[in-house]
Amino acid sequence: MPQGPYSDIVMDHFMNPRNMGEIENADAVGEVGNPACGDVMKLYLKIEDGKIVDAKFKTFGCGAAIASSSITTEMIKGKTIDEALKISNEAVAQALGGLPPAKQHCSVLAEEALKIAIEDYNKKKGSG
Amino acid sequence: MKRIYFDHASTTPVDRIVLKSMEPYFIEHFGNPSSVLIEEGAVPHRAVDEAREEIALLVGASKDEIIFTSSATESNNLAVKGLALANRDRGRRILFSDIEHYSIINQADFLRGIGFEVDFVKVDINGMLDMEDLKRKLTKDTILVSLMHANLEIGTIEPIKEIAFFLKEKDVLFHSDGAGTCGTIPVNVKDLNVDTMIISPHQFYGPKGVAALYIKKGIRLTPIMQGGYQEMGYRAGTENVPAIVGFGKAARMAMEEMDKRAEKLTLLSKRLWEGLASSIDYIHFTGHPEKRLPGHVSFWIEFVEGESLLLWLNLNNIASSSGSACSSNVLARDETGLKASHVLTAIGVSPEICHGSITFSLGKDNTMEEVEHVLSVMPGIVKRLRDMSPLYEKFKKEQTGGR
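The following refers to the structure shown. (Residues numbered from 1 in each chain as written. Chains lettered and ligands numbered in written order. Predicted model: local features only at pLDDT ≥ 70, side-chain atom pairs only at ≥ 80, totals over all residues. Heavy atoms only, no water.)

## Some remarks on the sheet that holds strand β2 (residues 66–69) of chain B
All names here are of chain B.
Working step 1: Taken together, the seven strands give an open sheet; going across it, the order is β2-β8-β7-β6-β5-β3-β4, and neighbouring strands pair in mixed fashion. Where the open sheet ends on each side, the last strands, each with one partner, are β2 and β4 (117–121). Between one strand axis and the next, the sheet turns through 20° on average, direction left out of account.
Working step 2: Pairing analysis gives three bridges linking strand β5 (residues 142–146) to strand β6 (residues 173–177), with the strands arranged parallel. Bridging from a neighbouring strand, Ser146 pairs with His175 of β6.
Working step 3: Strands in contact with helix α7 (residues 160–169) are β5, β6 and β7 (196–199); relative to β6, the strand with the most contacts, it is inclined by about 160°. (Pairing = 2+ DSSP bridges. Helix = DSSP H or I, 4+ residues; strand = E, 2+ residues; numbered from the N terminus. Axes fitted to C-alpha atoms, helices over the stretch in contact; angles between N-to-C directions. Contact = heavy atoms within 4.5 Å.)

## Looking at the side chain of B:Ser146
Residue and element names in this part refer to chain B.
Working step 1: Relative to the helices and strands, Ser146 resides in strand β5.
Working step 2: Here Glu100 takes part through its side chain, which lies 3.0 Å from a polar atom of the side chain of Ser146.
Working step 3: Leave out the neighbours within four places in its chain, and Ser146 touches Leu95, Phe96, Ser97, Glu100, Ile104 and His175. (Polar contact = N/O pair within 3.5 Å; in protein donor to acceptor, adjacent residues only side chain to side chain.)

## Comments concerning the packing of aromatic side chains
Residues and elements named next belong to chain B.
Working step 1: Evaluation of the coordinates by the stated rule reveals 13 aromatic pairs over all chains.
Working step 2: Judged by centre distance (4.4 Å) and plane angle (10°), the ring pair of Trp273 and Phe285 falls under stacked. Residue Trp273 is located in helix α9 (residues 241–279), and its partner Phe285 is located in strand β9 (residues 283–285); the two are separated by 12 residues in the primary sequence.
Working step 3: Its relative accessible area of 23% is what places Phe285 among the partly exposed residues.
Working step 4: With centroids separated by 6.3 Å and ring planes inclined at 25°, the aromatic side chains of Tyr392 and Phe395 adopt a geometry described as stacked. With Tyr392 and Phe395 both in helix α15 (residues 390–401) and three residues apart, the pair spans about one turn of that helix. Taken individually, Tyr392 and Phe395 each receive the classification buried, so the pair is uniform in this respect.
Working step 5: In this structure an aromatic cluster arises from ring pairing among Phe6, Trp273, Phe285, Phe299 and Phe360.
Working step 6: The lysine or arginine in question, Lys81, covers the ring of Phe110, its NZ or CZ lying 4.9 Å from the ring centre.
Working step 7: Sitting over the face of the ring of Tyr205, Lys364 holds its NZ or CZ atom 4.8 Å from the ring centroid. (Phe/Tyr/Trp six-rings, centres within 6.5 Å; stacked < 30°, edge-to-face > 60°. Buried < 20%, exposed > 50% of the residue type's maximum accessible area, 1.4 Å probe, protein only. Lys NZ or Arg CZ within 6 Å of the ring centre and 35° of its normal.)

Pasting the structure below:
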C-alpha cells in the first residue's frame, strides 16, 4: 500500500526491514549521520575473500532512511567489494521505486554508509 | 478497521448538522449577498448576517466587528499587514512571538521588504511568552505585537489578557491568533482586550475555506485586497455563503456544547497522558502541564524518530501529527524544506530531539476505547523503532558499560 509520497516498495521495506540488526565482530562498520534530517545509519558487513557475505543495519530515521538502509543490505549481499562500490544512491532510490525529492538524501546516506564501511575494512586490513 | 483520528489540531470533520445547514446555499439560495435589492441576493445576505451574529456571540464581539475571509492564513495576513500599513505613521517596529503560526512568522521578510522592522519574542520551556524579553524588545517605535492565544503543536494557552493589559499601557496594538481557542474554550475579546483576533471554524467542526477576523471598533486597518465593497470595505470578494452559514452553525453548536466537549476531552487526554507516561520510558511531554488546550497531548520520545512513529501509528489506523523535520515537508521540492519544528526549537528542544515529537489532538467524537487502543499499541511501536536505532544501541551500551 503506497502511503503519501512513498512507493509500495518503500513501505514494504519500512514495515518489513531486511537484515535489521548488528553483526558481532563485523569486518567493516560504517556509520553516517545527516544533520538536515537527523538520521543516523549504521551498516555492518561480514567480508570473506573480498566478497560481502553478510550485511546488517541499524537506522534512526524516517521511512525513507529505513527503507534505503534495508534495500542497500539486500543489494550488496553476495557482491564483491568492487561491485558494491559501484552501487550509486540513484540505484538505491530506483530500486525503491523512487523517493520523493525531499528524501533523496536518504539514499545518499545509504551510499555513504557503504563507502565508509568499506574504507573501514580497507584500513583494518591494511593495519592487520 | 475503523480509523482513530487524533489529529484535530490539523483539522476537524464537518459536523453533519453543520453540513445540512450549508446545503440550501449552493443551489436554492445561490444568490450574491451583495445583490440585496433582488430576492436571490436578499436571502443569502440575511444568512451571512445571521452567521456574523453567531460568531460575534461566540467571541463576545459586536456584529460589525466580524469580517469574513477565506482562511485563518488570510485573517492573519489581513490583521498584521492591515494594522502595520494603517499605523506606519506611528512607528515601524513589529514583534512576533517565536511560536506563531507560519501565516504570521512568514510575513516577516515581506514586512521588512516594505520598510518595517520585525523582531521575535522568546517563550519559556513551557511555551509561555517571556514577559522580560517582551519588555526588552518593546521600543518606542513598536506599533504591533502578535501572540497566538494557544499553540496547536504543544497545546500551551498564552496569558494574552495580561499581555494585552501591558501593551495597552504602552499604546501598542495587539493581534492574537485564536485558531486554537475560539470555538474550543471560552473566548471574550472584550475581556481579553485584543485589537484583532482570528477565528477558524475548521478547528471546531465547521468547513474549511472560511475564517473570520475580529477588528475592534475604532482600530485603523488597511485592507490588503482591492476590489468591491464587501465586508464593510475590509475584505473585497464575493462571500463564500455556504461556508459562512456552516461557520455560523458550528459557532452556535460550539457555544452550546463547549462545556460538555471540554469535560470529555479533559477526561480522555488525562488518561492518554497518564497511560503514555507510565508505559513508555524516556518520554517528555511538551507545552504547559496545566494551561493547555483540552484534549491535547504532545510529547517527544528519545531514540525514536517522529516520522517513523507517525507512519507506524498510521499503519495501525491512528492519525497523529509530528513536528519532526523528516515529516515536516515530505512533499517539498528538495530537502531544504525539511526543518525541525520552530515551535519545538523555541521551547528549547534541540533539533535532533525534535525528530521524535508527536501531537495527539482529540476531538468531541473520540472515545475512551480509542484512547485505550492507542495506549495498547504505542509501547510496541516504540520498542520496534528503538530496536533498530543505533542511537539507542549506543545508549544501552553506555549504560551497561557504566555499571
